[in-house]
Amino acid sequence: MRLRNKPGAMDTIIANPQYILTDGSQWRGKWQDRFEKEQPIHIEVGSGKGQFIVEMAKAHPDINYISIELQTNAMISVLEKQLEEKLPNLQLLLVNGADLTDFFADGEVSQVYLNFSDPWPKKKHEKRRLTFKTFLKTYETISKPKAQLHFKTDNQGLFEYSLASLSRYGMTLNQVWLDLHHSDYEGNIMTEYEEKFSAKGQPIYRLEATFNNK
Ligand code: SAH
């Protein structure tokens, strides 16, 4: 993702510890304490600028959302949105999704979202794809048994890879969409990338799958 360099981003992050953490390890197993109400926690790994998770948090006040993003310059946009909205059911965590077991206790999460994850098309970069088996294991470890993974992308190659990767990992594919925007799926909340790619006429792929190994 191309981003302007945002001066002072880290200062803004450090000034708002009520909404954003750069090291969540002290909240491992205690995330509910950071929210107004105790209710299921859904995470999005790779939130980008955060349109999806902010709109989801507004639409579903009965869910607690955590936005996870690696890049400071993207996360600052999520934080700016949250500083306007002040949603009691949204928290931000600036960390690598590969390390989530450091920040969440086993079973702390109820659902995982991935949206328009980087495709990493070269085989030698397979391990960086957010649907690679090590990531799936990480998500499952921090999730409740039979938790769901919801994934959207415009990238056919990543979608094909992910179907096979989830299947090899033993997940159940509950539903698959090959053209989400021309389907009867209701209540879709668009991400920034989704708006951009669908405006160019590209189909959006989506899947819902269940973890089975615990
Ligand atoms: N979900 C957004 C952004 C998609 S771009 C949208 O649909 O508009 C993919 C995002 O994933 C980038 O912001 C990138 O920084 C983030 N990302 C990639 N690998 C990550 C990782 N291992 N942990 C956390 N975020 C990651």
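Located above this text is the structure these notes cover.
For clarity, every value in this text was computed on a predicted model and none was experimentally measured.

The rules we used
Residues numbered from 1 in each chain as written. Predicted model: local features only at pLDDT ≥ 70, side-chain atom pairs only at ≥ 80, totals over all residues. Heavy atoms only, no water. Helix = DSSP H or I, 4+ residues; strand = E, 2+ residues; numbered from the N terminus. Rg over C-alpha atoms; globule rule 2.2 N^0.38 Å. Buried < 20%, exposed > 50% of the residue type's maximum accessible area, 1.4 Å probe, protein only. Contact = heavy atoms within 4.5 Å. Areas by Shrake-Rupley, 256 points an atom, 1.4 Å probe, with all protein chains shown as cover. Near = heavy atom within 4 Å. Polar contact = N/O pair within 3.5 Å; in protein donor to acceptor, adjacent residues only side chain to side chain. 1 Å grid on protein atoms, 1.4 Å probe; cavity = no way out; pocket = protein on both sides within 12 Å on 5 of 7 lines; lining within 4 Å. Sits in = over half its atoms within 2 Å of the grid points. Nonpolar A, V, L, I, M, F, W, Y, C, P; charged D, E, K, R; others polar. Points joined across faces, edges and corners; volume = space filled by probe spheres on them. Phe/Tyr/Trp six-rings, centres within 6.5 Å; stacked < 30°, edge-to-face > 60°. Lys NZ or Arg CZ within 6 Å of the ring centre and 35° of its normal. Pairing = 2+ DSSP bridges. Right-handed = clockwise from strand over helix to strand, strands pointing away.

Draft legend 1. Quick look at the overall build of the protein. Counting its regular elements, the protein contains seven helices and eight strands. A compact globule built from 214 residues would reach a C-alpha radius of gyration of about 17 Å, and the protein, at 16 Å, matches this within 12%. In the protein, buried positions account for 50% of the 214 residues. In the protein, of all internal contacts separated by at least 6 residues, the share reaching a separation of at least 24 is 76%. Of the accessible surface of the protein, which amounts to about 10500 Å², a share of 49% is contributed by carbon and sulfur atoms.

Draft legend 2. Structural context of the environment of V176. In this structure, V176 sits in strand 7 (residues 172-177). The sequence separation of V176 and K214 amounts to 38 residues, and the corresponding C-alpha distance is 23 Å. In this view, V176 contacts F159, L163, R206 and L207; residues no more than four positions away in its chain are not counted.

Draft legend 3. Region of the structure containing the site of the ligand. Among the 18 residues in the neighbourhood of the ligand, the closest are listed as E69, N96, G97, N115 and T191. L70 places a polar main-chain atom, nitrogen or oxygen, 3.4 Å from a nitrogen atom of the ligand. For the ligand, whose accessible area on its own is 570 Å², the fraction buried by protein is 96%. Counting atoms within 2 Å of the grid points, the majority share of the ligand lands in the largest pocket. Each residue belonging to the shell around the ligand can be placed in one class, and the counts come to six nonpolar, eight polar and four charged.

Draft legend 4. Spotlight on the layout of surface pockets. Taken as a whole, the largest pocket spans an internal volume of roughly 560 Å³. Taken together, 27 residues form the lining of the largest pocket, with G46, E69, S117, D118 and L130 sitting closest to its centre. Of all the elements in the fold, those that place two or more residues in the lining of the largest pocket are strand 2 (41-45), strand 3 (64-69) and helix 7 (192-199). Residue composition of the lining of the largest pocket, by class: eleven nonpolar, nine polar and seven charged. Approximately 190 Å³ is the volume attributed to the second largest pocket. Considering the residues around the second largest pocket, the lining is formed by 17 residues, among which M56, Y113, H150, Y185 and R206 are closest to the centre. Put simply, the parts of the chain that give the lining of the second largest pocket at least two residues each are helix 2 (51-59), strand 5 (109-115), strand 6 (143-153) and strand 8 (205-210). Residue classes in the lining of the second largest pocket are distributed as eight nonpolar, five polar and four charged.

Draft legend 5. Molecular detail of the packing of aromatic side chains. Summed over all chains, the structure comprises nine aromatic pairs. Ring centres of Y169 and F211 lie 6.4 Å apart, and the angle between their planes is 90°; on these two criteria the pair is classed as edge-to-face. Residue Y169 is located in the loop between helix 6 (156-168) and strand 7, and its partner F211 is located in the segment after strand 8; the two are separated by 42 residues in the primary sequence. Here the aromatic cluster, defined as three or more aromatic residues joined through ring pairs, consists of F116, Y193 and F197. Over the aromatic face of Y161 sits the side chain of R129, whose NZ or CZ is 4.4 Å from the ring centroid.

Draft legend 6. The arrangement of the pairing of strand 6 in detail. Strand direction decides the pairing type here: strand 5 and strand 6, joined by six bridges, are parallel. Counterpart to Q111 in the pairing with strand 6 is Q148. In this region the chain leaves strand 5, passes through helix 5 (residues 133-142) and returns to the parallel neighbour strand 6; the handedness of that crossover is right-handed. As defined by bridge partners, strand 6 adjoins strand 8 across six bridges and the pair is classed as antiparallel. Among the inter-strand pairings, H150 is bridged to a residue of strand 8, identified as E208.

Note that every value here comes from positions in space, so none of it alone points to a role or purpose.
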